[in-house]
Amino acid sequence: TSPNVYYIPPVHVPADYLVQMFGPGVEQAIETYRSAVKDIEFAGLLQLFGSSPQIMDSFEVKDRVAYGYNAKGELVATVPVTEPPTVREHYDAKLDTYRLDVT
C-alpha cells in the first residue's frame, strides 16, 4: 500500500443481517468504517480496538504506530497501523511442510 492508504478488512456480512443485529444506521457505519483507508488516525483507532483488556481514554498515531493510553496517561497498547507483509517460501524444509498463505 502507499504511505497514505491503509488496509481495512472488508465487511463480509450482508447489511440486512447487520441491521438485524445493530439496528438502523448500519449503512452509515459501514461507510465510515470503509473511509478508514484514507485516515491514519481512524485506522490507528480501529487497530487499537480490542488490543488491550484495559480501557483506553486517549490515543495517538506516530510514525504509522498507534499508542493507547489509560486515564492516568499510561501506555497500555501499541500496535502498527498496518502490518508489514511477510512473504514465506511455499515449502518449509525445516518443518517439512507446505504453506498456504490466505488473505
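Residues numbered from 1 in each chain as written. Predicted model: local features only at pLDDT ≥ 70, side-chain atom pairs only at ≥ 80, totals over all residues. Heavy atoms only, no water.

Some details on helix H3 (residues 40-48)
Right, so step 1: Among all positions of H3, only Ala43, Gly44 and Leu48 are buried. The buried residues of H3 occupy an angular sector of 140° when the element is viewed end-on, so they sit on one face.
Right, so step 2: If you follow the buried residues of H3, they end up packed against strand E1 (58-62), strand E2 (65-69) and strand E3 (75-80).
Right, so step 3: Where H3 begins, one side-chain oxygen reaches toward the backbone nitrogen of Glu41, 3.0 Å away; that side chain belongs to Asp39. (Buried < 20%, exposed > 50% of the residue type's maximum accessible area, 1.4 Å probe, protein only. Helix = DSSP H or I, 4+ residues; strand = E, 2+ residues; numbered from the N terminus. Arc of directions from axis to C-beta. Contact = heavy atoms within 4.5 Å. Polar contact = N/O pair within 3.5 Å; in protein donor to acceptor, adjacent residues only side chain to side chain.)

As for the nonpolar core
Right, so step 1: Judged by nonpolar contacts, Ile8, Ala36, Ala43, Leu48, Val61, Ala66, Ala77, Val79 and Val81 together constitute the single largest core of 9 residues.
Right, so step 2: Of all the secondary structure elements, the ones that give two or more residues to this core are H3 and E3.
Right, so step 3: For Ala77, the contacting residues outside a window of four places in its chain are Leu48, Ser51, Ser52, Met56, Ala66, Tyr67 and Gly68. (Core = buried A, V, L, I, M, F, W, Y, C linked by side-chain atoms within 4.5 Å.)

Points about the packing of aromatic side chains
Right, so step 1: Applying the stated criterion across every chain yields a total of 1 aromatic pair.
Right, so step 2: With 4.7 Å between their ring centres and 55° between their planes, Tyr91 and Tyr98 make a pair best called tilted. (Phe/Tyr/Trp six-rings, centres within 6.5 Å; stacked < 30°, edge-to-face > 60°.)

Things to note about the environment of Pro14
Right, so step 1: Note that Pro14 resides in the segment before helix H1 (15-22).
Right, so step 2: With 63 residues separating them in the primary sequence, Pro14 and Ala77 have C-alpha atoms 32 Å apart.

Some points on the pattern of salt bridges
Right, so step 1: Under the counting rule described, the total for this entry stands at 2 salt bridges.
Right, so step 2: Notably, a salt bridge pairs Lys62 with Glu60, separated by 3.7 Å at the nearest N-O pair.
Right, so step 3: Asp92 is the salt-bridge partner of Arg99, the closest N and O atoms lying 2.5 Å from each other.
Right, so step 4: Among the residues examined, Arg99 registers a relative accessible area of 21% and is labelled partly exposed. (Salt bridge = Lys/Arg side-chain N within 4 Å of Asp/Glu carboxyl O.)

Quick word on the packing of H1 against helix H2 (residues 26-34)
Right, so step 1: Two numbers describe how H1 lies on H2: the axes approach to 9 Å, and their chain directions differ by 110°. Here H1 lies roughly perpendicular to H2, going by the angle between them. Each of Ala15, Leu18, Val19 and Phe22 in H1 lies in contact with H2, whose residues at this interface are Val26, Glu27 and Ile30. (Axes fitted to C-alpha atoms, helices over the stretch in contact; angles between N-to-C directions. Parallel < 35°, antiparallel > 145°, perpendicular 65-115°, else oblique.)

The analysis is restricted to geometry; functional conclusions fall outside its scope.
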